[in-house]
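Architecture and fold: a report
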Amino acid sequence: VQLQASGGGLVQAGGSLRLSCAASGRTFSRYRMGWFRQAPGKEREFVAAITWSGGSTYYADSVKGRFTISRDNAKNTMYLQMNSLKPEDTAAYYCAKSSGGIVTIASRYDHWGQGTQVTVSS
């Protein structure tokens, strides 16, 4: 599976962005997927995850109620709708495919996209 993240950009605090993660291959719909982010000088952190069917979603406390993860298996694409953005959301955002296990741990993901930069100005 190859992953391509897009949709990042510069936005003012309180604004919105929607990230997309396009996957190659016909097995996308089998896998749990996730979003992580990494700010300069910080470790990569979990943002959100979604099961293969989209029936269950998981969020970091810091984004709960503001971000929504979704997927369209027919389009081999996953999304992250980000609302009420804050300067502390500034980071490179990565999409990833889970290999199973705990969804919040980066080491449980075995394929990663290249990242898309999100910058939130105050």
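Now for a look at the structure at hand. (Residues numbered from 1 in each chain as written. Predicted model: local features only at pLDDT ≥ 70, side-chain atom pairs only at ≥ 80, totals over all residues. Heavy atoms only, no water.)

1. A closer look at the pairing of strand E3 (residues 17-23)
Test applied: Exposed residues in this analysis have more than 50% of their type's maximum accessible area, buried residues have under 20%, and partly exposed residues fall in between, with area computed by a 1.4 Å probe over protein chains only. Secondary structure counts use DSSP, requiring at least four H or I residues in a row for a helix and at least two E residues in a row for a strand, with both numbered from the N terminus. Strands are labelled as partners when DSSP assigns at least two bridges between them.
Counting buried residues in E3 gives five out of seven residues, a clear majority hidden from the surface. By the bridge criterion, four bridges tie strand E1 (residues 3-6) to E3 in an arrangement that is antiparallel. Pairing of Ala5 across the sheet is with Cys21, part of E3. Bridge count between E3 and strand E8 (residues 77-82): six bridges; the pairing is antiparallel. Residue pairing for E8: Ser20 is matched across the bridge by Tyr79.

2. Examining the side chain of Asp89
Operational definition: Here a polar contact means two N or O atoms within 3.5 Å. Within protein one must be a hydrogen donor candidate and the other an acceptor candidate, and residues neighboring in sequence count only if both atoms are side-chain atoms. Should any heavy atoms of two residues lie within 4.5 Å, those residues are considered in contact.
Along the chain, Asp89 falls in the loop between E8 and strand E9 (91-98). Asp89 gets classed as buried once you look at its relative accessible area, which sits at 1%. There is a polar contact of 2.9 Å between the side chain of Asp89 and the side chain of Arg37. Discounting chain neighbours no more than four positions away, the residues touching Asp89 are Arg37, Arg66, Phe67, Ser84, Val118 and Val120.

3. Side note on the nonpolar core
Inclusion rule: What makes a nonpolar core is a set of buried Ala, Val, Leu, Ile, Met, Phe, Trp, Tyr and Cys residues whose side-chain atoms join them at distances within 4.5 Å.
One finds Trp35, Met78, Leu80, Met82 and Tyr93 to be the most contacted residues of the largest nonpolar core, which totals 34 residues. Of all elements in the fold, only E1, E3, strand E4 (33-38), strand E5 (45-50), strand E7 (67-72), E8, E9 and strand E11 (116-121) reach the threshold of two or more residues within this core. Among the elements that take part in this core, E5 stands out by supplying five residues, more than any other. Aside from chain neighbours lying at most four places away, what touches Met78 is Leu19, Ser20, Cys21, Phe28, Met33, Gly34, Trp35, Ile50, Ile69, Ser70, Arg71 and Cys95.

4. Examining the sheet that holds E1
Put simply, the rule reads: Lines fitted to the C-alpha atoms define the axes, with helices restricted to the stretch that makes contact. Angles between their N-to-C directions range from 0 to 180 degrees.
An order of E1-E3-E8-E7 is seen for the four strands of this open sheet, with the pairing classed as antiparallel. Strands with a single pairing partner mark the edges of an open sheet, and in this sheet they are E1 and E7. Going across the sheet, the axis of each strand differs from the next one's by a mean of 15°, ignoring polarity.

5. Regarding the pattern of salt bridges
Applied cut-off: By salt bridge we mean one thing: a side-chain nitrogen of Lys or Arg within 4 Å of a carboxyl oxygen of Asp or Glu.
By the definition in use, this model includes five salt bridges. For the salt bridge of Asp89 with Arg37, the shortest nitrogen-to-oxygen distance reads 2.9 Å. Of the two residues, Asp89 is situated in the loop between E8 and E9 and Arg37 in strand E4; the sequence distance between them amounts to 52 residues. Across this residue pair, the class does not change: Asp89 and Arg37 are buried.

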